[in-house]
Amino acid sequence: MSTIMAPVGVVKLRARLFLLFFCLTLCAGMLQFTAATIQGYIGDRDMICPSVCRCDEDFIYCNDRGLSSIPSLPPSASVLYLQNNHINNPGLPTSLEHHLAVRVVYLYDNELDEFPLHLPPSVRELHLQDNNIRTIPRSTLARMPLLEKLHLDDNSISTVSIEDQAFADNPRLRLLFLSRNHLSSIPSGLPASLEELRLDDNRISTIPTHAFRGLASLRCLVLDGNLLANQRIADDTFSRLSNLTELSLVRNSLQTPPVNLPSAHLQRLSLQENALTHMPRGSLDGMHRLLRLDLSGNNLTTLPRGLFKDLDGLGQLLVRGNPWHCGCNLRWLYDWLHARGNSITVRGLTCHGPDRVRDMALIDLSSEMEECEVVRIAGTRDKMGGAGMDSVTTQTPPQGSLFTLRSKRPGFGLPDSGLDYTLSSSGVGKSLALNVKPLSHNSVRVTWSVAQPSSSFRLSWLRLGIGNAMGSITETLVRGDRREYLLTSLQPRSSYIICMVPLPASSEGNKVSSGDADSDEALVCAKAETSDLITLEDEEDENSPQMTALPLAGIIGGASAIVSLALIFCVFCWYGHRTGHLCPRDHYTRNNSRKNKNYDDYIESGTKKDNTILEIRGPGFQMTPMAACEPMQPKPLREDYIIHTIFPSNGTGPYKGVNHVSDAGHGTNRGYREGGIPDIDYCYT
């Protein structure tokens, strides 16, 4: 019995142990499920996007929401779009520093007054343009040691508001934009890692030598819209930028390109909208990698020969907006463009003068440029024959203190007079501009201007004739300080080619330097034609009678004016006398013991003066003698007078009534009686 009971107890024990193990396993599974659920819930909570923003993985779009502060952001956010809001400096939470995944922050077009604090140290690109930031403190930038791109355009930053060595703690900064601020000079302490610097539309007027010191990595420099002039740029300012590939100096006050431009790697050079008047030879030397040159909107009329000799890779040449003078001075450019063919794109090379080629493209002036070649060959022959010709020095030259060389050379091959020369009254060369103007039938005035001073000038003029034996060449040396010369004793009604070339300092006396390699390029020619002598004499004969008649015409005109004034004065006096303004009838002068005293007629007649009657304009009074009512007595003498009222010829008066009755007596009038004025009054004196 006991043997049977033992196995039953073992079975029960095993069942209980199995049940216990099953319960423990079930509890462990429930605990794992609960932990996984809680962890997933927390993870989902961390990825919640702000309600006012839109999220796309780690890109958070909170722009254009009218926000005044930055909302809570998920920890995984890497790019923050917060532009076009009303966020100010207090709206930047301190918790923003703990978002270490943020790499790019867009905060432009907000209401920031100071450089923002509490930005994550992991930021590599920061956009702060279109705010009102005034200062750049070093301590704030030091919190972002990984910063590579900083945009601070359109703020209120001045040179003094940038703390000294403000970028010293940003060794990775490659791009710095400070356009449209209030900078007056180049900021100091820029990091050596900088590759692109934009300082356009500021107030920078001076660039010292040390401005770009240490910026060997700089590749793009933009200085558009400043106050730069050649006199305020140090000579070796840009030479330190050995790796510069793009230089933009648009909208400044440059008259020539800055000297010592970096040429090794420069690919784009922008000089448009300045005040460039000429491009010195050598200013573009060594720029073998230049791809784009923009000279638009300046005052250039010509370019010196050899300016583009190193621009083998130039693909774009923009020169619109310049008053180009397409004469023989640009023949070299014409040949250069034809040689390049379709490998270069030219924009704006349109002629502004002379008039015959105005508004034409230089590349289309084939016939004109061929005629320039004829003139150049003639000038070359002139110089080649000048070394061996017999010269006669005149003792009294017409103008100039130096000697004049005259040479008759019948065998000299002159161009055919039938050629249509393209030379005009002015010529422009690489360093000299020549202008000629005929003054009379035998004189021509020559004026010139030079870009660089010269010791002397050689002036030559050639008269064009019908045959080769008709021409004559005259040469003279002119002092280097002279700028005009008068050619006299010329042939009337003749065409002259006048040429001038500046001589180097080694030329002295009558020795012309024949070893000057640039003499062909420096030669500038112009054409002038003297007038006909007969025409001038006829004009002088026609003008002489006119000049003689001028005094007689003046005398006649003056006499007529005096007579007219006298007649006007007489008419005025007659009219004044007639109207009584000059000789009034109300007063007279007695010649007796009361001489020189004026008496009134009414007082003399013993009648009281009636102002109402005197105000009458039409009628007047007249005193006439009448027959004495009593016999005449010798003493006292008495004369009787009757006062008649005098009316105008039409019989009307100011007191005349509507019912007018005219009697034949002494002019009685009912209107006067009705007005209280008697018709006839007797008075005695």
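What this report covers is the structure whose coordinates are included nearby. On a predicted model such as this, the values are computed, not experimentally measured, just so you know. (Residues numbered from 1 in each chain as written. Predicted model: local features only at pLDDT ≥ 70, side-chain atom pairs only at ≥ 80, totals over all residues. Heavy atoms only, no water.)

**Some thoughts on the state of the cysteines**
- Under the definition given, this model contains 4 disulfides.
- Two residues share a disulfide in this structure: cysteine 53 and cysteine 62, whose sulfurs sit 1.8 Å from each other. Residues cysteine 53 and cysteine 62 are joined by a disulfide whose S-S torsion is about 110°; by sign, that bridge is right-handed.
- Judged by its relative accessible area of 10%, cysteine 53 is buried.
- Using a relative accessible area of 0% as the deciding quantity, one classes cysteine 62 as buried.
- Bridging cysteine 499 to cysteine 525, the disulfide has an S-S length of 2.0 Å. Of note, the bridge from cysteine 499 to cysteine 525 carries an S-S torsion of about 110° and is right-handed in sense. Note that cysteine 499 is positioned in strand β25 (residues 495-503) and cysteine 525 in strand β26 (residues 524-529), a separation of 26 residues in sequence. (Disulfide = S-S within 2.5 Å. Buried < 20%, exposed > 50% of the residue type's maximum accessible area, 1.4 Å probe, protein only. Helix = DSSP H or I, 4+ residues; strand = E, 2+ residues; numbered from the N terminus.)

**Brief notes about a nonpolar patch on the surface**
- A surface patch of nonpolar side chains, about 580 Å² in accessible area, is lined by Phe18, Leu19, Phe22, Leu26 and Met30.
- With respect to the helices and strands, the residue methionine 30 is situated in helix α1 (residues 2-46). (Patch = residues over 30% accessible without salt bridge, like charges linked within 9 Å, V, L, I, M, F, W, Y side chains within 5 Å. Areas by Shrake-Rupley, 256 points an atom, 1.4 Å probe, with all protein chains shown as cover. Salt bridge = Lys/Arg side-chain N within 4 Å of Asp/Glu carboxyl O.)

**Digging into the packing of aromatic side chains**
- Within this structure, the stated rule accounts for 7 aromatic pairs.
- On the basis of an interplanar angle of 65° and a centroid distance of 5.8 Å, the ring pair of phenylalanine 308 and tryptophan 332 is categorised as edge-to-face. You can see phenylalanine 308 sitting in the loop between β12 (292-294) and β13 (316-318) and its partner tryptophan 332 sitting in helix α3 (residues 331-340), a full 24 residues away along the chain.
- Chaining the aromatic ring pairs together yields one cluster made of Tyr61, Tyr81, Tyr106 and Tyr108. (Phe/Tyr/Trp six-rings, centres within 6.5 Å; stacked < 30°, edge-to-face > 60°.)

These figures come from the coordinates and say nothing about function on their own.
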